[in-house]
Amino acid sequence: MGRRIVPLTLDNLADLPGPCHSCVFWELDPVSGRAAVESGKAEAEKEGWISAVLLEWGSCGRIVYVDEQPAGFVLYAPPAYVPRSQSFPTSPVSPDAVQLMISRVLPAFQGQGLGRVLVQTAAKDLLRRNVRAIEAIGVLGTKGKERPSCLLPAEHLLAVGFKTVRPHHRYPRLRLEARTTLSWRRPAALDRLLGGAPQEPALRPF
C-alpha cells in the first residue's frame, strides 16, 4: 500500500470524512456556530475559515491517503483562530503553542498507528515554523453519544504523548512538546501498511 500525507487546502477539504468538511465547532464561537448550522451556511463558513488561516498563518492541517483513499486528517491552528476554545474552563491555550482542534482516522484504517503519524507530521510542520508545542482540550468521563464528537478523548491524547498541563474533571488541557516527536519511531505494522519510506507533505477518532 502507498501513503501520501498532504497539507489541507480548499481543493481537498471535501476529502475530510463525513460531516467534518462542514463542521464549524472550533472555527466559530457557540452562537455563530449555531447560526451557521441553522442557516445552512456551515460549509461556506468552514471554507472561509480555512482560506483565512491559509492566507494569514499558513497550513493548518494534514490529510493522509492510503492507496489514494482518504484515511484520516488532523486540524490545528493558533488559539486566536479557534474562538470556541474560550468556552472551556481550562482555556486559554498557552501563548507558545498551537491548538490541536480535531483529528480522525476512518474506521477501515484504525489501529495501524496513523493517528500517531499525523501528530508527528503536524509537530514537524510546527517546528519548521518555530512553534514549540501543541495543546488540546480533551474530554473525560463520557462515552458514545454523550461525548461531543469534536472533542478528543483525553486518554487517547495521553496515549500519543500528550501530558496534562491543566487538570479538570471533564475538560483537561494537554500539551505535547513538538520536539519530542522527532525521536518517535514508526511501528513495523504501519511500515507494512504504508509500504516503505514516508513521504513528507500531513488520529481513529482520537
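Attention here is on the structure that accompanies the text. For clarity, every value in this text was computed on a predicted model and none was experimentally measured.

1. Regarding the packing of aromatic side chains
Scanning the entire structure with this criterion turns up four aromatic pairs. For the pair W57 and Y76, a centre-to-centre distance of 6.4 Å together with 85° between the ring planes defines the contact as edge-to-face. Here W57 is found in the loop between α2 (42-56) and β2 (61-66), whereas its partner Y76 is found in strand β3 (residues 69-77), with 19 residues between them in sequence. Exposure remark for W57: the relative accessible area of 23% places this residue in the partly exposed category. It is R84 that lies over the ring of F25; its NZ or CZ is 4.1 Å from the centre. When the ring centre of W57 is taken as origin, the NZ or CZ atom of R129, which lies over that ring, is 3.8 Å away.

2. Re the pattern of salt bridges
Enumeration over the complete set of coordinates arrives at nine salt bridges. D96 is the partner of R175 in a salt bridge, and the nearest nitrogen-oxygen pair spans 2.8 Å. Placement of R175 in strand β8 (residues 173-177) and of D96 in the loop between β3 and β4 (97-105) is noted, with a sequence separation of 79 residues between them. Looking at R175, the relative accessible area reads 12%, which means it is buried. E177 serves as the salt-bridge partner of R175, at 2.6 Å between the closest nitrogen and oxygen. Members of the salt-bridge network, linked through shared partners, are D96, R132, E135, R173, R175 and E177.

3. Here we look at the nonpolar core
Counting residues in each nonpolar core, the largest one holds 54 residues, and the members touching the most others are W26, W49, L75, L100 and F162. Top element by residues in this core is helix α3 (residues 114-128). It accounts for eight residues. Ignoring any residue separated from it by four or fewer positions in sequence, one finds F162 in contact with L100, V119, I134, E135, A136, L157, L174, R175 and L176.

4. A few points about the side chain of K46
Relative to the elements of secondary structure, K46 occurs in helix α2. With residues up to four places along the chain from it excluded, the contact list for K46 reads L13, C20, H21, S22, C23, V24, E27 and L75.

5. Examining the pairing of β4
Counting buried residues in β4 gives nine out of nine residues, a clear majority hidden from the surface. Pairing geometry for β3 and β4, over six bridges, is antiparallel. Counted as the bridge partner of G72 is V105 from β4. Sheet topology note: the β4/strand β5 (residues 133-139) ladder contains three bridges and is parallel. Within β5, the position partnered with Q99 by the bridge is E135. Once you follow β4 into α3 and on to β5, the crossover reads as right-handed.

6. Looking at the side chain of S59
Note on placement: S59 falls in the loop between α2 and β2. Classification of S59 as buried rests on a relative accessible area of 17%. Among the polar contacts listed, one links the side chain of S59 to the side chain of R62, at a separation of 2.5 Å. Those residues in contact with S59, other than ones at most four positions away along the chain, are P7, L54, Y76, D125 and R129.

Rules behind the numbers
Residues numbered from 1 in each chain as written. Predicted model: local features only at pLDDT ≥ 70, side-chain atom pairs only at ≥ 80, totals over all residues. Heavy atoms only, no water. Phe/Tyr/Trp six-rings, centres within 6.5 Å; stacked < 30°, edge-to-face > 60°. Helix = DSSP H or I, 4+ residues; strand = E, 2+ residues; numbered from the N terminus. Buried < 20%, exposed > 50% of the residue type's maximum accessible area, 1.4 Å probe, protein only. Lys NZ or Arg CZ within 6 Å of the ring centre and 35° of its normal. Salt bridge = Lys/Arg side-chain N within 4 Å of Asp/Glu carboxyl O. Core = buried A, V, L, I, M, F, W, Y, C linked by side-chain atoms within 4.5 Å. Contact = heavy atoms within 4.5 Å. Pairing = 2+ DSSP bridges. Right-handed = clockwise from strand over helix to strand, strands pointing away. Polar contact = N/O pair within 3.5 Å; in protein donor to acceptor, adjacent residues only side chain to side chain.

Functional significance is not addressed by these values, which are geometric in nature.
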